Amino acid sequence: MVKKCLRMLLVLVLLSVLTACSSHKESFTMSRYLSTKPGDVPLTKRIDTYLIIIDASQSMSYSYDDERTRLEAAKDLVERINKMIPDKNVIAGIRTYGQKISPFGDETVMVYGFDKYDETLLSESITAIDNPMGRSPLVYAMNGATEDLKNMTGHVGVIILTDGWRVEEKSIEAAENMKNELGDRVYIYPVQVGDDKEGRKVLDKVAEAGGTGFSLPYDYLSNDKTLERFVNQVFIAADGDGDGVADEFDWCPDTQPGVMVDQYGCPRLFDLDGDGVYDRFEIPEAETEVREAVVTEVPAAAVSPSVIAPKPAEPIQEKHPTGDTDGDGVSDMLDQCPNTPKGVSVYEWGCPVDTDRDGIYDYLDACPGTPRGTRVDTKGCPRQ
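Numbering of residues starts from 1 in every chain and runs along the sequence as written. Two thresholds apply to this predicted model, a pLDDT of at least 70 for residue-level local features and 80 or more for giving and counting side-chain atom pairs, whereas whole-chain, interface and lining totals are computed over all residues. Side-chain metrics rest on all non-hydrogen atoms present in the structure, leaving aside hydrogens and water.

Draft legend 1. Structural detail: the packing of aromatic side chains. Aromatic pairs are defined between Phe, Tyr and Trp rings, using the six-membered ring for Trp, whenever the two ring centres lie within 6.5 Å; interplanar angles under 30 degrees are classed as stacked, those over 60 as edge-to-face, and all others as tilted. Throughout the structure, instances matching the rule amount to 8 aromatic pairs. Ring centres 5.2 Å apart and planes at 80 degrees place the aromatic pair Y189 and F214 in the edge-to-face group. Here the residue Y189 occupies a position in strand β6 (residues 186–192), and F214 occupies one in the loop between α6 (197–210) and β7 (216–217), the gap between them amounting to 25 residues. Judged by centre distance (6.3 Å) and plane angle (10 degrees), the rings of Y361 and Y363 are stacked. The buried label applies to any residue whose accessible area, calculated with a 1.4 Å probe on protein chains only, is under 20% of its type's maximum; exposed applies above 50%, and partly exposed to all values in between. What makes Y361 partly exposed here is its relative accessible area of 23%. Connected via pairs of aromatic rings, a cluster forms that spans Y187, Y189, F214 and F230. Secondary structure elements follow DSSP: runs of H or I of four or more residues count as helices, runs of E of two or more count as strands, with numbering from the N terminus.

Set out below in structure tokens:
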């Protein structure tokens, strides 16, 4: 009896160890795919347009679990994403592929958009996707998406939902073509609704060919907590200087509050009145009028000695001298980094060059040429 109890105890101990190892492995894998939500820093949207590509081919009619087909599981996920989108001010689109019932039918079609995001209309479009049939030509959907997106402005997220069954390797070339057409502004996120091993390999390569984004199994998004992290990763990003340009795209990450910036996060330089002083350094005429009005409307007798009237605006030239303190070739009036070390190459706005865009200036970067999107340490080298 004692031996029997000891054997049972040993089995329970082994099971608990295996369970702990399994949980640790999944947690580690998740940390590879999904970053945590940024902390106490301003946030902005990472993408301006998103497209969801849904596999509606014959294999998606197969069971995913006891209650749903693979297509139904994919639609459920899109509905959950639809309700979690943090910034509604985006352009949305849904494209399906498969469902070809005749030699003359389309193998890929847009079922929503591109149009301004509308939760209700998008949900109706998702519900209407049914009757999966036909082949799995992801390559056609990818090429069609590239044609749709190349005329879009801003950053783009492409989420692909497929079981990966018989997915063609030409899809990798299609992802490379999308990357070539859209450049660094596209992210590709394949999500596999199934467990086909060969399909998983191809989808991994599709994400890799896109240069940014990542692929992951559907199961990892089964609970709301991990899905929320995925949605945050796709749709929003930290914006340290609050200029509306995500830090990862921001070439001028320390822009002063209130300064208008371009698509790279650097100050826009305008001189609309042609007076030789850039608009962002000028005191608006309306503000000057308000100052004068405040002074003139208050009766002299009512002004207490303790009240100090607003000072007149100082001459712009005195307030913003045209010298070049750090000697980088960019005048102090325009220099966003006024204390650059001598001899360091700078951009036209006066900040040191960061060729690989990893956030570490070239003259401080111990690992130049780091691939885009790689997380680096303070020396510019990939984190271990």
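Draft legend 2. Just the state of the cysteines, in detail. Disulfides are defined as cysteine sulfur pairs within 2.5 Å. Here the structure, examined in full by the defined rule, presents 2 disulfides. Here C337 pairs with C351 through a disulfide, and the sulfurs are 2.0 Å apart. Residues C337 and C351 are joined through a disulfide that is right-handed, its torsion about the S-S bond being 80 degrees. Residue C337 is found in the segment after α9 (316–319), and its partner C351 is found in the segment after α9; the two are separated by 14 residues along the sequence. Take C337 and C351: they sit in the same class, and that class is buried. Covalent S-S linkage joins C367 and C381, the inter-sulfur distance amounting to 1.9 Å.

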